Amino acid sequence: MLQFNKKDIELFGSLIDRARSIVLIAHTNADGDAIGSILAVRRILAARTQAAVSCLLPTPPPNQFAFLDGFDRISSDADKGNRLLLEADLIVALDMNNAGRVDQFAAALTQSPARKVLIDHHHSPDTGLFDLLFSVPEFSSTCELAYWLFTALYGDDCIDSTTATFLYAGIGTDTGFFSYSCSQPSVFEAAARLVAKGIDPAFIHDTICNCFSIARLRFYGFAISERLRIIPECRAAFFYISLDDQRRFGMGPADSEGLVNYTLLMRDIEVGALIREEQGRVKASFRSKNDFDVSRFAHDLFGGGGHTRAAGSTSTLPFDETVALVEQKLRDSLASGSHQSPVCNHQ
């Protein structure tokens, strides 16, 4: 088990104790790990400080997490959020590694005179932005990292059943409920301790995962039938979803969350991607089963990043150009054996 630096723990505790206004912020298009971690940290801090503790997300959180207590405390209001950031004494950034991950709040985050602490499990954190970093890519999720960090700071009693639910939800969503990113024993130890707090793992899984509307299920069927491109000679596949496709089914950004994982359901596919058009940009998500490093691939492609087997990046090229470029780069990388990939045999 990772041992946190004692001086870092003490410094973090003193920053919390001295703060009158604390802002917790996570990345745009938040997933369960981002939402679970900010809600968990808010609850822990609210019980141990007189400071005002606020939760910010650049975009509204998806409703599948509305069952989490305090969900309605999360704000995505631009004016309010920027004001809170600029007036804060302490900012804790969770599940993000640089200001570019918070879109409309990036300038205020960078310019704020507040002390800034990072709690994250992504590679390549912006060390110049933060005063104190708890950045550990080896952890499955930010929620797992937060569990070990705050129990080191305050002891196991700081985690009650409600907080444990937040953390388990985040660990579950970032590991596909223990189907990937869970090769370290620590994730199972953390999960076991959270279950011991009296949470309901089956309810959490069912509420998060079995929440499709009829329209969303039909959208997934359409994507699999009409928007899935397979490159069998490279053992790769990707979805390409335009804005028109999303509007046809009434889908928002959160509704495509998880679609990329369907590429890896195929036995012979080892690298998958989802290319999804947004207003003015295109988001690309990448997954792999093997040692093909999609974090490096995403960084080399559009300056993105993430984890070895799960990463993403953003393109400002037109949608069709982005699709063509991603396909060509996948072919090139897999054919050359770069990014620690399997060999692609062109025919």
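Above: the structure in question.
Below is a summary of the structure that appears in this document. Note that the coordinates shown come from a computational prediction; the quantities given were computed from them, not determined experimentally.

With that settled, the discussion passes to the overall build of the protein chain. In terms of helices and strands, the protein chain carries twelve helices and twelve strands. At 20 Å, the protein chain has a C-alpha radius of gyration in line with the 20 Å of a compact globule built from 347 residues. Across the 347 residues that make up the protein chain, the buried fraction comes to 52%. Intrachain contacts of the protein chain at a sequence separation of at least 6 include 64% that bridge at least 24 residues. About 15,000 Å² of surface is accessible on the protein chain, with carbon and sulfur atoms providing 48% of the total. Positive and negative charge centroids in the protein chain, built from 32 and 42 side chains respectively, lie 1 Å apart.

Attention shifts here to the sheet that holds strand E3 (residues 74–75). As a general point, the strands of a sheet are linked pairwise by backbone hydrogen bonds and lie either parallel or antiparallel. Spatially, six strands are ordered E3-E2-E1-E4-E5-E6 in an open sheet, and the strand pairing comes out parallel. The open sheet has two free edges, formed respectively by E3 and strand E6 (132–135), since each of these has just one partner strand. Bridging between strand E1 (residues 21–26) and strand E4 (residues 90–94) involves five bridges; their strand directions are parallel. Within E4, the position partnered with Leu24 by the bridge is Val92. Sheet strands touched by helix H2 (residues 32–46): E1, strand E2 (52–56), E3 and E4. Its angle to E1, the strand with the most contacts, is close to 165°. Lying over the sheet, helix H5 (residues 142–154) contacts E4, strand E5 (115–120) and E6, oriented at roughly 115° with respect to E5.

Along the chain, Thr175 turns up in the loop between helix H6 (161–174) and helix H7 (185–195). At 2.9 Å, the side chain of Thr175 forms a polar contact with the backbone nitrogen of Phe178.

A few words now on a nonpolar patch on the surface. Together, Phe212, Leu217, Ile224, Tyr262 and Leu265 line one region of the surface with nonpolar side chains, adding up to about 470 Å² of accessible area. Looking at the element boundaries, Phe212 is found in the loop between helix H8 (201–209) and helix H9 (214–226).

Spatially, the six strands line up as an open sheet ordered E7-E8-E9-E10-E12-E11, and their pairing is mixed. Of all strands in the sheet, those with a lone pairing partner are strand E7 (228–231) and strand E11 (305–306), marking the two edges. Bridge analysis of strand E9 (residues 271–278) against strand E10 (residues 281–288) gives eight bridges, and the strand direction is antiparallel. By the bridge assignment, Leu274 is partnered in E10 with Ser285. H9 contacts E7 and strand E8 (236–241) of the sheet and is inclined by roughly 125° relative to E8. Packed on one face of the sheet, helix H11 (residues 294–302) meets E10, E11 and strand E12 (310–315) and runs near 10° to E12.

Oppositely charged side chains are able to pair whenever their charged atoms sit close together. Scanning the model with the defined rule gives 17 salt bridges in all. For Arg20, the salt bridge identified is with Asp89, shortest N-O distance 3.7 Å. One end of the pair, Arg20, is in the loop between helix H1 (6–18) and E1; the other, Asp89, is in the loop between helix H3 (78–87) and E4, with 69 residues separating them in the sequence. Its salt-bridge partner being Glu189, residue Arg193 comes within 2.7 Å of it at the nearest N-O pair. Residue Arg193 and its partner Glu189 are located together in helix H7, separated by four residues, close to a single helical turn.

Of note, His27 is situated in the loop between E1 and H2. Of the residues examined, His27 reaches a relative accessible area of 4% and is grouped as buried. Of note is the side chain of His27, whose polar atom sits 3.4 Å from the side chain of Asp31. Within the structure, His27 has its side chain in polar contact with the side chain of Asp95 (distance 2.9 Å). Setting aside anything within four residues of it in sequence, one finds His27 in contact with Ala34, Leu57, Pro58, Leu94, Asp95, Met96, Arg101 and Val102.

Turning to the nonpolar core, a few remarks are in order. Core analysis: the biggest nonpolar cluster contains 60 residues, and Phe12, Ile22, Leu24, Ile119 and Phe150 have the highest contact counts within it. In this structure, Ala273, Phe286, Ala298 and Ala311 belong to the second largest nonpolar core, which totals 22 residues.

Before going further, it helps to spend a moment on the pairing of E5. The element E5 is extensively covered by neighbouring structure, given that five of its six residues are classed as buried. Here E4 runs beside E5; their pairing, made up of five bridges, is parallel. When the bridges of E5 are listed, Ile91 appears paired with Lys116. Taking the sense of rotation as the criterion, the β-α-β connection linking E4, helix H4 (residues 106–111) and E5 turns out right-handed. As judged from the four bridges shared by E5 and E6, these two strands associate in the parallel manner. Across the sheet, the residue bridging to Asp120 is Ser135, located in E6.

About the cut-offs
Residues numbered from 1 in each chain as written. Predicted model: local features only at pLDDT ≥ 70, side-chain atom pairs only at ≥ 80, totals over all residues. Heavy atoms only, no water. Helix = DSSP H or I, 4+ residues; strand = E, 2+ residues; numbered from the N terminus. Rg over C-alpha atoms; globule rule 2.2 N^0.38 Å. Buried < 20%, exposed > 50% of the residue type's maximum accessible area, 1.4 Å probe, protein only. Contact = heavy atoms within 4.5 Å. Areas by Shrake-Rupley, 256 points an atom, 1.4 Å probe, with all protein chains shown as cover. Lys, Arg positive; Asp, Glu negative; His and termini not counted. Charge placed at Lys NZ, Arg CZ, Asp CG, Glu CD. Pairing = 2+ DSSP bridges. Axes fitted to C-alpha atoms, helices over the stretch in contact; angles between N-to-C directions. Polar contact = N/O pair within 3.5 Å; in protein donor to acceptor, adjacent residues only side chain to side chain. Patch = residues over 30% accessible without salt bridge, like charges linked within 9 Å, V, L, I, M, F, W, Y side chains within 5 Å. Salt bridge = Lys/Arg side-chain N within 4 Å of Asp/Glu carboxyl O. Core = buried A, V, L, I, M, F, W, Y, C linked by side-chain atoms within 4.5 Å. Right-handed = clockwise from strand over helix to strand, strands pointing away.

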